[in-house]
Amino acid sequence: MRPAAKFISEFVTFSNVDLVLFITGTTGSGKSTAIKELEGFVTGVFPGEHMRKDKALMTRIARSHNPAAPGFCEAFVRSYVEKEANVHGHVAVDGMPRSEEQAKWCLSLAKRINKHPIFVVMSADKEIRAKRLHLRGDKADIMKARLKHDDQIIQNVLNFMKGRKEYETIEIEFNAEAEKPATPKTEDKVETNKPTLAGV
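The structure displayed is predicted, hence computed values, not measured ones. (Residues numbered from 1 in each chain as written. Predicted model: local features only at pLDDT ≥ 70, side-chain atom pairs only at ≥ 80, totals over all residues. Heavy atoms only, no water.)

Give a detailed account of the packing of aromatic side chains, specifying residues and quantitative values.
Counting across every chain of the model gives 4 aromatic pairs. When the ring of phenylalanine 22 is compared with that of phenylalanine 119, the centres are 5.2 Å apart and the planes differ by 25°; the resulting orientation is stacked. Remark: phenylalanine 119 occurs in strand β4 (residues 116-124) and phenylalanine 22 occurs in strand β1 (residues 19-25); sequence separation between them is 97 residues. Neither phenylalanine 22 nor phenylalanine 119 differs from the other in exposure class; each is buried. The structure contains a cluster of three or more aromatic residues connected by ring pairs, namely Phe22, Phe119, Phe160 and Tyr167. Seen from the ring of phenylalanine 46, lysine 36 lies directly overhead, with NZ or CZ sitting 5.5 Å from the centre. (Phe/Tyr/Trp six-rings, centres within 6.5 Å; stacked < 30°, edge-to-face > 60°. Helix = DSSP H or I, 4+ residues; strand = E, 2+ residues; numbered from the N terminus. Buried < 20%, exposed > 50% of the residue type's maximum accessible area, 1.4 Å probe, protein only. Lys NZ or Arg CZ within 6 Å of the ring centre and 35° of its normal.)

In structure tokens form, the structure reads like this:
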């Protein structure tokens, strides 16, 4: 198990309440990989993968000239996430939130499914992310624009959540050296009997 997943698994293991982990972050930071490595600790929910598998839906979105299409996508994702997250035990949602409104919705979802929300924000050096996006087949010009745009989106969400007591956040940053994560940062706001960060 990679260090990021190992830390999150320890955090989950020491919690005395059911958690819903909203794992967001920059493209290529390892969000989906971390959740998949947590199998056995949490139930993973992957809205992006689910949408991509629905070819009819993706075709409708691609052909749509309706300005309401983004709202339709959002409604679809929320409906799917709420259904999949409403299971017994811990849940990890991939790729949310990516806006202030999504962050607010995530809180309301956690309340509806009776789980304590934790927001994990993952980031990585551009060198690591560019390498991963290249392996996915992204072209250099698209990759550069995507990284810059994505950085701003996630920074805006993080800025919104920081300083608000209802958002318990953990930040995990990767450096380029052997792709090892730097020490995670957390804001302790709720007692969950979680492990300390020393030695992680």
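Mind laying out the nonpolar core, listing which residues take part and the relevant values?
Within the largest apolar cluster, 28 residues are counted, with the highest numbers of intra-cluster contacts made by Val20, Phe22, Val81, Val93, Met96 and Met161. Taken together, the elements giving at least two residues each to this core come down to β1, α5 (69-85), β3 (91-94), α6 (100-112), β4 and α8 (140-161). With 6 residues, α8 is the single largest residue contributor to this core. Formed by 23 residues, the second largest nonpolar core is a distinct cluster that contains Phe7, Ile8, Val12 and Phe46. (Core = buried A, V, L, I, M, F, W, Y, C linked by side-chain atoms within 4.5 Å.)

Can you explain the pairing of strand β5 (residues 169-174)? Please cite residues and give values.
By the criterion of burial, β5 is predominantly enclosed, with 5 of the 6 residues buried. Relative to β5, β4 is paired through 6 bridges, and the arrangement is parallel. What sits directly across from serine 123, in β5, is glutamate 173. (Pairing = 2+ DSSP bridges.)

Before we move on, can you summarise helix α7 (residues 126-136) with the specific residues and values?
Ile128, Arg129, Arg132 and Leu133 are the residues of α7 that are buried. Angular distribution of buried residues about the axis of α7 spans 125°; they occupy a single face of the element. Exposed side chains of α7 directed beyond 90 degrees from the buried face belong to Glu127, Lys131, His134 and Leu135. (Arc of directions from axis to C-beta.)

With reference to specific residues and values, describe the confidence of the model for the protein chain.
Atomic detail in the predicted coordinates should be set aside for any region of low pLDDT. Summing up the model confidence of the protein chain, the mean pLDDT is 80 and the portion of residues at 70 or higher is 77%. For the protein chain, the element scoring lowest by mean pLDDT is strand β6 (residues 185-186), at 58; α6 scores highest, at 95. (pLDDT = per-residue confidence, 0-100.)

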